[in-house]
Structure formats: structure tokens, C-alpha cells
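Reading the structure
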Amino acid sequence: MLNIEKISKNFQGVKAVDNCSIKIEKGKITALIGPNGSGKTTIINLISGVIKPDYGKIIFENNNLSGLSIEKIANLGISRLFQQSRLFDNLSIKDNLLIAVNNNSSLIDNILGLNKIAKEIDAKIKTVYDMMEIKESWDKLVSELSYGQKRLVEIAQTILLPHKLLLLDEPVAGVTSLLRKRIAKILLELKQKGETILFIEHDMSFTLDIADDIIVMDAGKIIARGKPENVIKDKKVLEAYLG
Amino acid sequence: MIDAYFIHLLILICIYVILAISLQLSLGFTGLLNLAHVAFFAIGAYATALLALSGYPFWLCILFAGVLAALFGYVLSIPTNKLKGDYLALATLGFSFVIYAIVLNWISLTNGPMGLPGIPRPTFLGINFSNNNNFFMLSIFVTVIIYFVIYSITKSPLGKVMEAIRDDELAARSLGKNTKKIKSISMATSAFFAGIAGSLFAYYITFIDPTSFSFSNLIPILSIVIIGGLASLPGTVFATIIIILLPEPLRFIGFPSSVIGPARQLIYAMLLLIILYYKPKGFYGKVNLE
Amino acid sequence: MLLQVLINGIIAGSVYSLVASGFSLIYSTNKFVHFAHGAVIAFSSYILFLLFSILGINFWISSLLTITFTSFLGYFINYFIYKPLRKKKASASILLIASLALLIIIESLIIIFFGADVKTLNLIKVSEGIQIMGAIITPLQIIIIFVSVILFIFLMYFMKSTKLGKAMRAVADNKDVAEIVGISSENIYSWSFIIGSGIAGIGAILIALEQNIEPVMGTSLMIKGFTASVIGGIGSVPGAVLGSYIIGLVENIGIMFLPSGYKDAIAFVILFIFLFFKPNGILGVKKGLQK
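Throughout what follows, the structure given in this document is the object of discussion. (Residues numbered from 1 in each chain as written. Chains lettered and ligands numbered in written order. Predicted model: local features only at pLDDT ≥ 70, side-chain atom pairs only at ≥ 80, totals over all residues. Heavy atoms only, no water.)

Focus on the overall build of chain C
Basically, it comes down to this: Every helix listed is a DSSP run of H or I at least four residues long, and every strand listed is a run of E at least two residues long, numbered separately from the N terminus. Throughout, radius of gyration means the C-alpha value; the globule benchmark is 2.2 Å times the number of residues raised to the power 0.38. Each residue's exposure class comes from its accessible area (1.4 Å probe, protein chains only) as a fraction of the maximum for that residue type: buried when under 20%, exposed when over 50%, partly exposed otherwise.
Check the secondary structure of chain C and you find 11 helices and 2 strands. Moving toward the C terminus, one meets the helices and strands of chain C in the order α-α-α-α-β-β-α-α-α-α-α-α-α. Expected size for 291 residues packed as a compact globule is a radius of gyration near 19 Å; at 19 Å, chain C falls within 12% of this value. Seen through its principal axes, chain C has C-alpha atoms that stretch 55 × 45 × 35 Å. Counting only residues that meet the buried cut, chain C has 56% of its 291 residues in that class.

What about the overall build of chain B?
Note the threshold: Here, residues are in contact when the closest pair of their heavy atoms is within 4.5 Å. The Shrake-Rupley method, run with a 1.4 Å probe sphere, supplies the accessible areas, and residue values consider only the shown protein chains as cover. For this count, His and the chain ends are skipped, Lys and Arg are scored as positive, and Asp and Glu as negative. Here the site of a charge means NZ on Lys, CZ on Arg, CG on Asp, or CD on Glu.
The helix and strand inventory of chain B stands at 13 helices and 2 strands. Computed over C-alpha atoms, the radius of gyration of chain B comes to 18 Å, within 12% of the 19 Å expected from 2.2 N^0.38 for 290 residues, which places it in the range of a compact globule. Taken along the three principal axes of its C-alpha coordinates, chain B extends 55 × 40 × 35 Å. Counting over 290 residues, chain B shows a buried share of 64%. For chain B, the share of sequence-separated contacts (at least 6 apart) that also reach a separation of at least 24 residues comes to 78%. A total accessible area of about 10,500 Å² is found for chain B, and carbon and sulfur atoms account for 71% of it. Across chain B, 16 positive and 9 negative side-chain charges occur, with their mean positions spaced 6 Å apart.

A short note on the packing of helix α6 (residues 132–155) of chain B against helix α9 (residues 179–205) of chain B
Residue and element names in this part refer to chain B. Test applied: Where helices are involved, their axes are fitted lines through C-alpha atoms of the stretch in contact, as for all axes, and angles between N-to-C directions lie from 0 to 180°. For classification purposes, an angle smaller than 35 degrees is called roughly parallel, one larger than 145 roughly antiparallel, one from 65 to 115 roughly perpendicular, and anything else oblique.
Between α6 and α9, the shortest axis-to-axis distance is 11 Å and the interhelical angle comes to 175°. Viewed along their axes, α6 and α9 adopt a mutual orientation that is roughly antiparallel. For the pair α6 and α9, the contacting residues are N132, F135, L138, V142, I146, V149, I150 and I153 in the first and T189, F193, I196, L200, Y203 and Y204 in the second.

So, the interface of chain B and chain A
Just so we agree on the cut-off: By convention, the term buried area covers the 1.4 Å-probe accessible surface removed from two parts as they join, with the contributions of both added. Between Lys or Arg on one side and Asp or Glu on the other, a salt bridge is scored when a side-chain nitrogen of the former is within 4 Å of a carboxyl oxygen of the latter. N or O atoms within 3.5 Å of each other form a polar contact, as long as, within protein, one can give a hydrogen and the other can take it, and as long as residues adjacent in sequence are counted only when both atoms are side-chain atoms. Amino acids are sorted into nonpolar (Ala, Val, Leu, Ile, Met, Phe, Trp, Tyr, Cys and Pro), charged (Asp, Glu, Lys and Arg) and polar (every other residue, Gly among them).
Taken together, the contacts link 28 residues of chain B with 26 residues of chain A. Summed over both sides, the interface of chain B with chain A buries roughly 2,500 Å², with 63% coming from carbon and sulfur. The tally of links between chain B and chain A comes to 3 salt bridges. Inspection of the chain B/chain A interface yields 6 residue pairs in polar contact (both at pLDDT 80 or more). Looking at the side of chain B that touches chain A, the element that brings in the most residues is helix α7 (residues 157–167) of chain B, giving 8 residues. A per-class count over the side of chain B that touches chain A returns 13 nonpolar, 6 polar and 9 charged.

Here's the deal with the packing of aromatic side chains
Geometry of an aromatic ring pair is reported as the spacing of the ring centres plus the angle between the planes. Applied cut-off: Two aromatic rings from Phe, Tyr or Trp, using only the six-membered ring of Trp, form a pair when their centres are within 6.5 Å; if the ring planes differ by under 30 degrees the pair is stacked, by over 60 it is edge-to-face, and anything between is tilted. Ring-over charges, as used throughout, are those where CZ of Arg or NZ of Lys falls within 6 Å of the ring centre and within 35 degrees of the ring normal.
For the structure on display, the rule yields 30 aromatic pairs over all chains. Arranged with centres 6.2 Å apart and planes meeting at 80°, the rings of F201 of chain B and F213 of chain B form a pair that is edge-to-face. Residue F201 of chain B is located in helix α9, and its partner F213 of chain B is located in the loop between α9 and α10 (218–228); the two are separated by 12 residues in the primary sequence. Members of the aromatic cluster, connected to one another through ring pairs, are F72, Y75, F76, Y79 and F80 of chain C. A cation sits over an aromatic face here: R121 of chain B above F135 of chain B, 4.7 Å from the ring centre. A cation over a ring is seen here: K88 of chain C above Y277 of chain B, with NZ or CZ 4.9 Å from the ring centre.

Section: unusual backbone geometry
Backbone geometry places E61 of chain A, a non-glycine residue, at a positive phi of 50°. With respect to the secondary-structure elements, E61 of chain A resides in the loop between β4 (55–60) and β5 (63–64). Since its relative accessible area comes to 30%, E61 of chain A is described here as partly exposed. Unlike most non-glycine residues, T206 of chain B shows phi in positive territory, near 60°. Relative to the helices and strands, T206 of chain B resides in the loop between α9 and α10.

Here it is, written out as C-alpha cells:
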């Protein structure tokens, strides 16, 4: 589904990502782990189009993502969660979710009220909202939510955006263990429905619980990949983490 | 006497309401620090003046004013698309200076500092709007329509995306939104209504000259938008009434007219400073400036 | 003919550099656009007019007082307007709008107290220009160029070699790190306004002598000053000076083809082009684009 070929990115002389190649298979949950600064978020930024690679290319379902804008890549079916909270603070939960689903920007339609939220879309939002078990009323402004609730709303957005691949950057960083379990459960449910997920995490128990494959990065390079039980035994991985 | 003067103030309030709520669309809702608004006001006014003086009918003049202003708004949005906050502010400010310079210097078109006098009041659907009471009805009618159009945009999903762009453009793009296009729509629509306001202004005052379109004329509009509260339409209407009525007592204190002009600007500017300090969210706003 | 255009361009560039260097110093340190800088210049020109032409005080004393006054004005604006706003965590955009409001306030006060008409200083009688290879330049204009070059050298020396100058560059570079090292950024902000406005004061005097003064002159100068800073690289004082000369030259070449009223517009068109193609300017230091 996603084929990253020999991708490299330099930042002012530092090789953030150094000649990495990754294949993501459909229907699997893949974890991307590694010490801080190893290049994980850069990889995600490269895939989602936030930054452009210096070398190499990324192919997603026969589309070459090089040079495409962020929104084009999103519309091709790549839905991305940011590490830092990026919600629309002055809008309600409902509006935040609506934005993920609706894509009619025709002025006339919107003025004349023709862009009504179809019943199916409304139901879809409600389903995801219930699935996330978000505690707050969905008219509440997102800026008033706690960190954990915000994260749930964001993950809901990511799921609601029509997609073929989910890119999650540290989905459970800083959330309570209860929420962590719930999010793990939700991701496994999504996999059951045939979804493909690539996530970054530092939380090893969360990662080991749900990942089918693990890719380990260090200093911009991929140092190991494979099934979880093999990767945690890999010497290079232990070295990278323990120094 | 008071009656006629009161009608005059109400007409001005209508024109400024249109200017302010249209600025809300680009500034308050989409988060674009759009300081070019007076330029679109000018474009609408001059377009109407020139067409009306050539005898074209009312509906054509006012529509063309809006469309021409919208076109300029769209054109301006293209090079400024990637600019942030204060850079965008200065680029748009610059645009308004360029338009002012053109209005002042392209004498064969605009008659320069002498201005364009004798703009005929419109006659439409059999009604003659030379009568100020009639003109007031027209103004109210236009204002209410515009208010509802802008209101329905802001309540629609498109309006929500505009607000999303204001709050976090990168996140909006990551959700597949073509923010460049939507920002252009916002600027163009905002400019369209400013152009209509300019048209009404030209028809009402029947004489326009560059002094109404210099940069300082942005200050009252900006004050209204900030005092009323960013992204609050009712707050904007409320603030317009206050701003227009505020300097009126000056007339009665008997200052010479050469002082009243700058004194009004002074009051507006000081008010803006005070609001920026004490209540940057304005009275009804929920959003902070950037 | 071309030589005259060149000379006129250099004269204009010198005038603008007096505006732009002060502005750039303030911008690079404070990180927001102090648009009222232009009005500060205008107000100073009027103070000079008041002291010299109305009260008849000796020119040199008037000038000294004017420069002092301008520095104070800059300091007070920072102290009473920007500092309180900064304490309230005002964004650069809010400070920009505040500076626009301030510009209008100052211009309105000038109109109220001095009237809206154009004033002249009448110090130097219309003097004969000196002929250089067919082009004409007056002694005053030579002085303007001279003063702006000297000022520039002083400014460079100040920024590079004095303790205060280095502290300013530190704050401009990275305020948080500078504070860790013990530099008080509020203190530096004050100084940037004092010095930046002082330079503007010198500019105000020369401008008042060379051109007529009117209440809205500040806005026009500010356009040039800001554009020069952007062209040269926002955050770079030498860049602002370079940009000023570029504008001076392009303007004077431009009015060979356009009516002179479009001068201001030319500067803004240049601004647009740079914002679109090269927002970091020629000697660009900081970024001003969205991610």
C-alpha cells in the first residue's frame, strides 16, 4: 500500500532521515519506534507532505506523493494525527468532527444552505463520537477540554476523514492508562475492519499490545524491523535505547 | 431637522455595518489580517460613480461594484496566500496604498483630488431614491440581505472550515481542505460586500473624492470589528452603532470643522488602543487576534 | 540625465535609510512592526518647525532638542503602549494594529495643533546646486548623504563592538537565551526605541530641511522604511540600508515613466514582488512565512 523508497532529508547539515526504505502492508498495524530525534516524525511529515524529501520517493497505491500538497495527499486517503494537539480551538467538538467529513467548498451551495449535513454523515459522526466514548457534550468548545478528551477528539477526526491509511504520531502520549487501553482497543477494532495503521509511539507496552510489525529507527536510519517478539530481542535495538 | 439628521446617521450605520461584517468574514472568521478593506470600498465607490454618471442603471452599477471589488480581492489573495500575520497585514495595507495612489493620480479616470460630483441618486422599480427616507429603506434592505448571506456562510460547513483555517491552517490542510482556495473565496467575498458598501456610499453622498478612501478610514472599521468581537456578527452591529454615534457630541461642542475630522480619527484610534489593551476579544467575541 | 537620476536615487536612498535603519533596529529587537515610527518622524519634524520657525530658537539647539525629544517619544511609546500590551501577551499582530492606531493618533494631533497644510522650514534659502558632470546636487543633499553614511558606520560599530549593541543583537537573535545570560529584554527594548527613534530624529531634521513637511509624511516614509527593510532582509540593519538605496533608485527611475504621484505606489509594488518571491530579502535573516 505504501512504499517509501530510499528517502532522505537533511536539515541544515543534519541527516534527519538517511536513505530509509519502508513497505507498509495493507490491513496491518505497523509501529515506528526509536529514541528521540531518530527521525520518526520526519518520516511521517514526509509521507503527509508537510516537508519534501531531498532524495527518494514515496508511492502510495500507485500515486507518487513527491511534490503533492498536504491537502492532496490527505485527499488521496492518508489521514494523519499530529504529535502536538492541533484542534480548532474556537469550534465545538461537533464542528471539529464535521470538518473532517465535509468537503463541499462551493460558495453558492453553502450560502443557500444546500450543503446540509446529510443524515448519513451525521450518523457517521455520531458513531465515531460514541465509539471514542468522549465524555463531553459535543457542543462544547474544544479549548475547554482536558488533554485526554482532546486527544480522543483528534483521533476521531483522523478516523472520520475518508482514508485508506492512518498515520498516528504518538496517539497515546500523556493520556491516562484507561484511555490508553481504550485507544488500543479502538485501533484493534479498526484493524479488524481491514484498516491499515502506521503509528509512532514511545509507550512500549501499548506498542507491543497492538503492533503486527515494528520498525526501529535511530539517528535517521532504520536499524531493525520485523515481528515484535524478534525486534525486542535485537541487540542493535537495545543498544540504541540504552546507549 | 433632527429627524433628517437621524436618518443620515442610520444610513451611515448601514454602510458601516456592511463594511464591518464583510471584514469579519476575512478577518474574524478566516483569520486573515486583511487591511485592504478600504481599497475595495474605494473600488466599489468609484466603479459605481463612473457607471452611474454615464447613465447606467442602478442594479448594474451596484452589482458591478461588488464584482469588480471581488475580482481585486481574489487577485490580491493569490500572492498573499503564503504570508503570515503581520506580513499579510502589511502586504494588504500596501495594496490599499496603491489603490489610493491610483485614485489620487489617475486623473483622467477618477478626476484625482477634485473627485467625482453629481452622482445621481438611483431610481429603481419606479421608486426614486433622492428622498433620504427612501434611501434609508434601500440601505436597510441591502444591509439585511447582506447580513443574512454572511450569516449563512458562517453557519455553513464552509464557514466552519474558514474558522478552522483561522485556528490552525496546517491541521485544516491535513484534513484535506484546499485552504488556498478557501482563503481566496473569503477575501473575494469580503471584498465583494465592501464594494457594495462603496456603491451605496457613492450613491448616498453623491460626491466622492480620495479623502474618504485613505488608510486612516480603515481605523473605524477595524475598531468596530475588534470592539464588537472577532467572529461575532451581532457584536459587530452593536459596535457599529456605538462607533458611528460616539463622535456626534463633537458637533455640538462647536469645534471648527478642520478639527472635527482629525478629532474623530483621534477618538477612533484611541478607542482601538483601549480595546486592544482591555478587551482584545471585544464585547461579544470568542476569538483572540492571532 | 541618467547621472541625475542616479544622484536623485542616492539622495532619496539616504533619506530612506535614516528612516529604515531606525525602524529595522526596532523591528529586529522587538519582533513586531512599529508602524508608528513614521509618525514619530513626522512629529519630530513639526517639533523642529515649532522650535526653529515659530519660536525662533537657534537652529543647532533646536536640532539637538528635536533629537532628544524624538528619543523620548520613542521611549514613551514603548513604555506606555507596547510594554503594557506585551505584558498582556499581545501577539505581533495586536502590536502592529496598536502601532497603526498610534500612527493615526499622532497624525491627528499634528493636524489639530499645526493644521493640515504643508509647512516649510526656511533655513536654507533655495541654494544653487553644484554641478557635477551635468547633474545638479545641492550642498544640503550632499550633507544628507554624508550624514546617512556616517550614521550607518556608527550604527554598525555600535552593533558590533559596544556592550549594548551586542546585547541588542543577542535579544534580536534569541530573546530567551539572552535572558538566561542575564540580559533584560525589557531594558533592551527600551534602548532600541531610544536609539531607533533618535536616528529617526536626525532623519526628521534633514527631511524637514530638504522637503516640505505635512502631517501625512510619516505614512509615506514608513512605507519606504518597511519596504526597504523587507527587501534588504527583515531583521538586518545593513539590509535595511541597502534596501533603502534600492528603493531610492527604482523610484527615481520609475518616475521617468510614471507621474510622480505614483512614487509611493512604486515602493509597494517592489514590496509585493519581494514578499512573493523572496520574503527573506537579500541579506535575509528571519523567516516571515507560514509553515
